[in-house]
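Read off the chains here:
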Amino acid sequence: MFVKNCWYCAGWDYELSQGKNALLARRLANEPIVLYRKPDGGVVAMEDRCPHRQAALHLGQKEGDSLRCMYHGMKFGPDGKCTEVPGQDKIPPQAWVRTFPVVEKDNWIWVWMGDPAKADPSLICFAVGPSDKNWNVKTSQVSVNANYRLEIANLMDLSHLTWIHRKTIGGTDAWTRTKPQRTMLPRGINSKIWMYSEPPPVFAQHLFPPGAVFDMSFDVDVTLPCNFVLHFQVYTPGTVTDGPSNGQLMLDSYTSQAVTPRDEDWVDYYYSWGTSVATDAPGMSEMLLEAVNAAFLEDKAVLEAQYRNVKERPHAKQVGILLDAGPEKMLWLLDKFLAEEAKEGTL
Amino acid sequence: MFVKNCWYCAGWDYELSQGKNALLARRLANEPIVLYRKPDGGVVAMEDRCPHRQAALHLGQKEGDSLRCMYHGMKFGPDGKCTEVPGQDKIPPQAWVRTFPVVEKDNWIWVWMGDPAKADPSLICFAVGPSDKNWNVKTSQVSVNANYRLEIANLMDLSHLTWIHRKTIGGTDAWTRTKPQRTMLPRGINSKIWMYSEPPPVFAQHLFPPGAVFDMSFDVDVTLPCNFVLHFQVYTPGTVTDGPSNGQLMLDSYTSQAVTPRDEDWVDYYYSWGTSVATDAPGMSEMLLEAVNAAFLEDKAVLEAQYRNVKERPHAKQVGILLDAGPEKMLWLLDKFLAEEAKEGTL
Amino acid sequence: MFVKNCWYCAGWDYELSQGKNALLARRLANEPIVLYRKPDGGVVAMEDRCPHRQAALHLGQKEGDSLRCMYHGMKFGPDGKCTEVPGQDKIPPQAWVRTFPVVEKDNWIWVWMGDPAKADPSLICFAVGPSDKNWNVKTSQVSVNANYRLEIANLMDLSHLTWIHRKTIGGTDAWTRTKPQRTMLPRGINSKIWMYSEPPPVFAQHLFPPGAVFDMSFDVDVTLPCNFVLHFQVYTPGTVTDGPSNGQLMLDSYTSQAVTPRDEDWVDYYYSWGTSVATDAPGMSEMLLEAVNAAFLEDKAVLEAQYRNVKERPHAKQVGILLDAGPEKMLWLLDKFLAEEAKEGTL
């Protein structure tokens, strides 16, 4: 089940070149989609299925701003309408492909999977992309064989850094001692967490003397379907014990993560991390990316094994704990949107 | 769904040696079959399933003209009757394996999957095999993860050479300008296509000066279940614009292709191409085989992606175009045979 | 279908070290199980599923005699009860994991999958393990993609050595001339077979002059679910033709084999072979292990192909032969236990 009236990230803008065969096949919310870039730079997203005999359009070829199916040569404009059928002059009226609204923002390609009339670009989440001049952001991606609800639960409870990520981006159990301040957003939840005089993440501990501690601030938006954008700041230890640190800002960074449900069983995860130019240092953003690359392989192993268990026994016992509050809030929001769309008949 | 009263190609004759364990496991029209060659040269085709406990007979061993199951040692004659049960003298009356009529023709092994009384060898399609002294024919094979109906549609509309095969055996869009002359055969369709002053296929263009053109003739039989035999001739440009070219015959060739449905999801494709001895040249047939090898990998990619789409949405929109006339005729013929067998109770 | 009130072999004791992450994930009778060794040496077997959100416990970590789930940090004692929930003081009463009785015997780890009250260690089959000082036993394992009923049928009719194992552990067709003496055991069947003046197994024939023959004795227990323990002895040819040979004992050996159903489709096969210290010679047990390694790959090929046939046509014809007597007796016993448990509501 997927919210349809929602922007889904289809990948990085640099994945779509002007090449003749630069056709990107992606599956978003269980719809096979082909994406390509027009000569004017705009991006087209179409159903990856020729209306003739269901050939895959991503095996086709670009011609101007059109896409030609390379099985029998039918050509489709960027609006999905067929403009040429080899061997005949008349275009059958049913010869069109569904297209989807597309917006590029923060170097991500966003596709609206529902009613085009409702495709409001202001609903796209805030993020910091690699071409932002104020930040030095590095990018990567990974696929995980799990339903996106498990990813939502993972991202809404960062206490798992203590356990899953004990060898990488973890390094403190302050997560379980620190209650996030959560605020509902129209399509998500903002969480703020402050930590004081805690050790840095494991991947960075070699940079400091033994026993070094810092204040840290985590300000994260999780938005539908499953986007996670975290403003992560590190300070020298200050004197406050509530709210933002009054230490000296040492690292200012953003990690932007779009977890796109491919179908019920897989997510495609496009993510980045990088420092502000002001707090950058040679090799710093590269180290952050290496750390999150390693961490996401840790998550992948855990979530894939969890998902196998869930698929085997969908109705197994589930014991609630206090740390579930975040995951449950976000899953409740998702279910609310799903229920509304079911009622409207959108789904 | 498969026509049962029909010859199915099980492969090349050279795949069956006199070796003790030369037992070929094939699946034809969704029946698991084991094939072996007797000392007298004849070929036996049996269900690949021991009647005792369903062990696979292709893991057995040949003894004279018999096949011994190497699980518990039961021995079966070429008629499928059990002749020996280790540990007992009496042969249970049910101890027999179904056998199938077999004919070798044009270096292909043909198996009749229906009523043996109706197994008329004259129903086997014409072809030109590698041992034909008048032709220099090279052979190959490939498997495709698609239902054979998609292969029929592919082979009955050669306009796809323009698109799928634009880098290999294509080279002209004359296919969409040229209406084939089609004639119904008892179990198939003959199509004749003439082209005049067209560039040669891409794989051969380096042999001629830029801009060289030729007349070409395509005379192809497609027969049930999905055999394709094409007489392909190239002439210097003549003066006629209808019917056979009156130019000089430069290349006379046959490509014989048996596309055997393994089951609903796969075909096994046995094919060859070669020139007449009269128009042969060193390396010529090798080049033809390389070209068709490359082309069939192009088809494989397209048909497998198409089949994934078809399986995902069997009832998706299908817009008809004029070029569908050939595919539809042959699929209509297939459905006619299927309906007749359903009525007779053969299926 | 699996008998639940039964000991299932989960592997070799040396597979469970004292390492922090030495957590063994196994599936026994279709239950996912995690096993670990406590500091006191004892072994714990738990359901491999955290009661919180179904994370896989085998990705956790050992702490003393407890297991911590490394997703959200919940800790479980060796009795399965949760003793710690990060972020809260109160342990929810439902926060426990099912545990299973475990016994180590003959270097195998045995897990009781049914009612713990009935877990009687005396029901574990006799075997000879690698740490037995009187025997020089070597161990190995293999997985087979077949239902365990096919393994039972395989192990209860050793006549298949003549056929499947003709190049390895076979070497005589005396199996079909020799009727085993069978005795019912409470949970299995004992079979005794004597052979006189027969060639040795193929893998050992190079050790003797051509035509050398021996008396051989096979005394085998097959017990539920699918354990096979064979006392195999080789004698110089004696003069008796019934019962134990009166030749000189040349090789005294035990092969102990536990075939554990992982689920309906797979078995995990833990096995060993070795000579008595009295009849040992350098390299002898190694040769026996090599022989059985090769033989079990032969079985694997045959059983996997047979199982594909059985799955495709579960109701295909099955012709009975005299040699089925052994398999049928043991499968009857299995079905009796299954029916009893179904009646009791254990299954």
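The following refers to the structure shown. Just so it is clear, the model here is predicted, and its values are computed rather than measured.

Section: the sheet that holds strand S1 (residues 7-12) of chain A
Residue and element names in this part refer to chain A. Here we have three strands laid out as an open sheet, ordered S1-S11-S10, and antiparallel in their pairing. Two strands bound the open sheet, and with one partner strand each, they are S1 and strand S10 (102-105). Taken over all neighbouring pairs, the strand axes of this sheet differ in orientation by 30° on average, direction set aside. Here five bridges tie S1 to strand S11 (residues 108-112), and the two strands are oriented antiparallel to one another. Its bridge partner being in S11, Trp7 is matched across the sheet by Trp112.

Some remarks on the nonpolar core
Within the largest apolar cluster, 91 residues are counted, with the highest numbers of intra-cluster contacts made by Met46, Leu57 and Phe76 of chain A together with Leu35 of chain B. Take this core: its biggest share by element is 11 residues, from helix H4 (residues 284-312) of chain B. Apart from the residues lying within four places of it in its own chain, the contact partners of Leu35 of chain B are Ala10, Leu16, Ala22, Leu23, Leu24, Arg26, Val43, Val44, Ala45, Ile109 and Val111 of chain B.

Quick word on the relation of the copies chain A and chain B
Superposing chain A onto chain B takes a rotation of 120° plus a shift of 0.1 Å along the axis, which leaves an RMSD of 0.1 Å. The superposition of one copy onto the other is thereby described by a three-fold rotation axis.

Considerations on the sheet that holds strand S2 (residues 24-28) of chain C
Residues and elements named next belong to chain C. Taken in spatial order, the four strands make up an open sheet running S2-S3-S4-S9, and their pairing is antiparallel. The outermost strands of the open sheet, each flanked by one partner alone, are S2 and strand S9 (99-100). Pairing of strand S3 (residues 31-37) with strand S4 (residues 43-47) involves five bridges; the strand directions are antiparallel. Note that in S4 the partner of Leu35 across the bridge is Ala45.

Quick notes on the interface of chain A and chain B
Contacts between the two partners involve 30 residues from chain A, matched on the other side by 29 residues from chain B. For the chain A face of the interface with chain B, the top three residues by lost area are Arg53, Gln54 and Tyr71 of chain A, together amounting to 30%. Our count for the chain A to chain B interface comes out at six salt bridges. For the salt bridge of Arg53 of chain A with Glu328 of chain B, the shortest nitrogen-to-oxygen distance reads 3.3 Å. Our count for the contact surface shared by chain A and chain B stands at 22 residue pairs in polar contact (both at pLDDT 80 or more). Among the residues forming the side of chain A that touches chain B, the class breakdown is 13 nonpolar, 10 polar and seven charged.

Reading guide: rules and limits
- Residues numbered from 1 in each chain as written.
- Chains lettered and ligands numbered in written order.
- Predicted model: local features only at pLDDT ≥ 70, side-chain atom pairs only at ≥ 80, totals over all residues.
- Heavy atoms only, no water.
- Pairing = 2+ DSSP bridges.
- Helix = DSSP H or I, 4+ residues; strand = E, 2+ residues; numbered from the N terminus.
- Axes fitted to C-alpha atoms, helices over the stretch in contact; angles between N-to-C directions.
- Core = buried A, V, L, I, M, F, W, Y, C linked by side-chain atoms within 4.5 Å.
- Buried < 20%, exposed > 50% of the residue type's maximum accessible area, 1.4 Å probe, protein only.
- Contact = heavy atoms within 4.5 Å.
- Least-squares fit on C-alpha atoms with pLDDT ≥ 70 in both.
- Buried area = accessible area lost by both parts, 1.4 Å probe.
- Salt bridge = Lys/Arg side-chain N within 4 Å of Asp/Glu carboxyl O.
- Polar contact = N/O pair within 3.5 Å; in protein donor to acceptor, adjacent residues only side chain to side chain.
- Nonpolar A, V, L, I, M, F, W, Y, C, P; charged D, E, K, R; others polar.

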